[in-house]
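Given next are the chains, with one letter for each unit.
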Amino acid sequence: MMNLSRMRLLPGVLLKMLPVAFVLTAVVAGLVYWHINGVFKREISSRLERESSFAMNETEVRIAGLVAILHTMARNAFLSDMLIKERTREEGAHAFFNGLSLVPVPGALVGLTDASGRILVSNGRRRTSRDVVLPPGFARDVSHLGLSQEEMTIAVPVIGNGVLHGSVFARFSTDSLVNYLNLSHFNEIIVLTIDRVVIAANFEMAEILKTPAKRFKEIWISRDAASERYPGLGVQVFARREDLFASLKGLDRTLVVSALANLLIVMAGLVLAAILIARPLVRLAGEVRNVRDTEDLSRNVSVGGYREVARVAETFNAMMAHLRSTLVSHEHLARENRHRREVEQSLRDKQAENNAVLETVNDAILVIDKEGKIRSANPASSCILGYSNEELVGSNVSMLMPEPHRSGHARYIDSFLKTGEAKIIGSGRELEACRQNGKTFPIELYVAAITLKGEPHFVGTIRDITERRKVDRMQREFIALVSHELRTPLTSLTGSLRLVTSGSMGEVPEKVARLLRLAQNNALRLIDLVNDIMVVEKLQSGFISLKMEPVDLLDLARTALEDTAQFGEKFGVSFELESDLDNAWTMGDGRRLTQVLVNLLSNAAKFSEPGSLVEVRVEKRNTSYRLAVCDHGIGIPTEAIGEVFSKFVQLDSTDAKNGQGSGLGLSISQAIMELHGSRIEVDSQVGAGSTFYFDLIEFRKTENAVELSSLTGGLLEQSGTSVGGA
């Protein structure tokens, strides 16, 4: 059965491969012949083109020699005088030209013409020659060559002081030109033409002229070369085709014999290859048939022989192993599918849960893209803002802001995307928004930056705090009332204690005096506390108005340092101003800014070690100035930095000097800076000290207070007059 299989395989391989081998051999032989014939033809064509170019170049060089002789004559001063002075021409011209001869071309007519080409004098008789036709612009040309089938004329301009006076010319017959060119040393037939009319050749052209026009291309090969320097002058090269292709006569027979020999060799190789390949393939087929008949998937085939056949057997074994693994893992795949469906259902449930939260939450939630357009909004947004969902989606979020912050919102987003510096992103802020009816109302805004599909987006959560503001206002009114009621008796009390302790009422015992001073100090502290509470209440109520005018931060810093110098000496701390600026003009309320700086310096002194230095730095940053107060005290823990600006907060009251104060100073200072369109920021490290700083826009003549506040942002950086949540 194996022999029968082999007999069926071998004829099939041979019947399929032998025609392919025959065709390939014929194609290769044809391609070789076509390539050799093409290369030979290109070489012949290239040789004829080189020979025609060489003949043309030699012709141009010889004519250029004649032009050079005439140029030499044209630069002769005597000839120039002949053209300029008629007397000189009459006296010496004929004597000069009568014996003149152009050596390369004996018998050539040589003479002078005026500027119009009229022959004035020559070495022949004037009447026997035509005038020389000079082309327009001849004075700018190096030379002029006139060609015809009978003669050639060469003219060179004679120029004196930049003026064309005439020309030196030479005229000779085409026979003289042929004798001068001497084309007899070329192997091929070289034909000289003028205006494509044959005037001379280096061999007899009778044979060429006798050739019929229909058979001309079958017998002759020709190439032309035209002169670029002398238009009308050309050279033709003729060669017999039979002579050029004589070396190709035996190429056809040689290629046929080679092709037959190669075909026989290929056929023998194919038969041998078929025999060698058939045996392992038949054996492999038998092994595979046995696996099929026994249905034993664990059985492997083993076939020796060539590497390719062995690879086929290995691939079959690997396929069977994979099939076994697939059958075994079918149940595992089913479990995975069930688990995947459970996970997908869980995700759908989670999404439904999130959608339910968004649908029922009382706060407005907006998703905003980098261009400020609202991409999605929850139902509460329509209730709070008064817009329908269709009106919100696709609109710019700036429509929810009152002026002047609406126009500055786009600049804030661009600044955040370029610099990454955020004013409110990642933290909450109380400000005002605008409803669909145009009315403004207080809100609490939280903005977070997210990335959707590779693009930056923002999620804004808006909470209506109108009711909270009402409660806060009632609280502030109560505090103001209580503070006012406390201030009057405290003032009377401190006045009375001051009279008693001063001795105006008579001497008092030392123990009583010490108790009275203690009572007086505590009463003064209560008055300071009441005053701070009143300031906070005014700030929150918007009753404090700023006197905005150009101020120099350097002058304010010097004033604050003078005001707090004695306070620093009390704690053994010195102050120093560091700046390389001459001035730092900004727009602000000088008295309130000084109050902020004094408060920061006082805090720095209280929390610094005795003998340490507190620096006040003023530096330029792009279009703003930064004022910073740097101490080297105990520092603030990172988790407590957000609390330092809260009311009645003192982070460290263990030390007596640190416990002095109401805990309202930083809260008041932050509120003042927010009215200026800025904020106090903190950088601190425990044990190394703290830096409190704020930025104010540089003042220029073209700026005003509205422009300064608009540069700090829109809805994402509104400061407003209400700072209760600072």
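Every chain is numbered independently, its residues counted from 1 as its sequence is written. The model is predicted, so local features are restricted to residues of pLDDT at least 70 and side-chain atom pairs to those at 80 or more, both for listing and for counting; the totals for chains, interfaces and linings are taken over all residues. The side-chain figures draw on all heavy atoms in the structure; neither hydrogens nor water molecules are used.

Here we come to the overall build of the chain. Numbering of helices and strands starts at the N terminus; helices are DSSP runs of H or I of at least 4 residues and strands are runs of E of at least 2. For the chain, the helix and strand inventory stands at 19 helices and 21 strands. Split into buried and exposed, the 726 residues of the chain put 39% on the buried side. Residues are treated as being in contact if the distance between any of their heavy atoms lies within 4.5 Å. Excluding contacts between residues fewer than 6 apart, the proportion of contacts in the chain whose partners are at least 24 apart in sequence is 59%. For the chain, the accessible area works out to roughly 41800 Å², and carbon and sulfur atoms hold 55% of it. Buried, partly exposed and exposed residues are distinguished by accessible area as a fraction of the type maximum, computed with a 1.4 Å probe on protein chains only: under 20%, between the cut-offs, and over 50%, respectively. To be clear on the numbers: accessible area is Shrake-Rupley with a 1.4 Å probe, and residue cover counts the displayed protein chains and nothing else.

Attention now goes to the sheet that holds strand β12 (residues 428-434). Here, any two strands with at least 2 DSSP bridges between them count as paired. Pairing is antiparallel in the open sheet, where five strands are placed in the order β11-β10-β14-β13-β12. Strands with a single pairing partner mark the edges of an open sheet, and in this sheet they are β11 (374-377) and β12. Direction aside, neighbouring strands of the sheet carry axes that sit 35 degrees apart on average. Judged from the 10 bridges that link them, strand β13 (residues 440-452) and strand β14 (residues 455-464) form a sheet pairing that is antiparallel. Axis lines are fitted to C-alpha atoms, over the contacting stretch for helices. Their N-to-C directions set the angle, which ranges from 0 to 180 degrees.

Attention shifts here to the sheet that holds strand β4 (residues 151-160). Across the sheet, five strands lie side by side as β2-β1-β5-β4-β3; this open sheet has antiparallel pairing. Single-partner strands in this sheet number two, and they are β2 (119-122) and β3 (144-147). Here the strands of the sheet are splayed against their neighbours by 25 degrees on average, with no regard to which way each runs. Strand direction decides the pairing type here: strand β1 (residues 109-114) and β2, joined by three bridges, are antiparallel. Along β2, the bridge assignment pairs G111 with S122.

The next subject is the pattern of salt bridges. When a carboxyl oxygen of Asp or Glu is within 4 Å of a side-chain nitrogen of Lys or Arg, the pair counts as a salt bridge. A full pass over the atoms with the stated rule returns 18 salt bridges. Residue E49 pairs with R223 through a salt bridge whose shortest N-O separation is 3.8 Å. Here the residue E49 occupies a position in helix α1 (residues 2-74), and R223 occupies one in strand β8 (residues 220-226), the gap between them amounting to 174 residues. E49 sits in the partly exposed class, given a relative accessible area of 41%. Residue classification places R223 among the partly exposed residues on the basis of a relative accessible area of 24%.

Attention now moves to the pairing of strand β6 (residues 189-194). By the criterion of burial, β6 is predominantly enclosed, with six of the six residues buried. Residues I189, V191 and T193 of β6 are buried on one face, and the alternating residues I190, L192 and I194, pointing to the opposite face, are buried as well. Of the pairings in the sheet, the one linking β6 to strand β9 (residues 233-240) comprises six bridges and is antiparallel in character. Its bridge partner lying in β9, I194 is registered against L233.

Here the chain averages 77 in pLDDT, and 80% of its residues register 70 or above. Confidence, expressed as mean pLDDT per element, reaches its minimum in the chain at helix α19 (residues 705-710) with 40 and its maximum at strand β19 (residues 624-630) with 94. pLDDT expresses, on a scale from 0 to 100, how confident the predictor is about each individual residue. Under a pLDDT of 50 for its full length, residues 703-726 has, in the predicted model, 66 contacts with residues more than four places off or in other chains.

Now for the environment of D695. With respect to the element layout, D695 can be found in strand β21 (residues 689-697). Excluding residues within four positions of it along the chain, D695 makes contact with S624, Y625, R626 and S678. Side-chain atoms alone can form a polar contact between residues adjacent in sequence; in general such a contact is a pair of N or O atoms within 3.5 Å, and within protein one must be able to donate a hydrogen while the other accepts it. Side-chain polar atoms of D695 contact the side chain of R626, separated by 2.8 Å.

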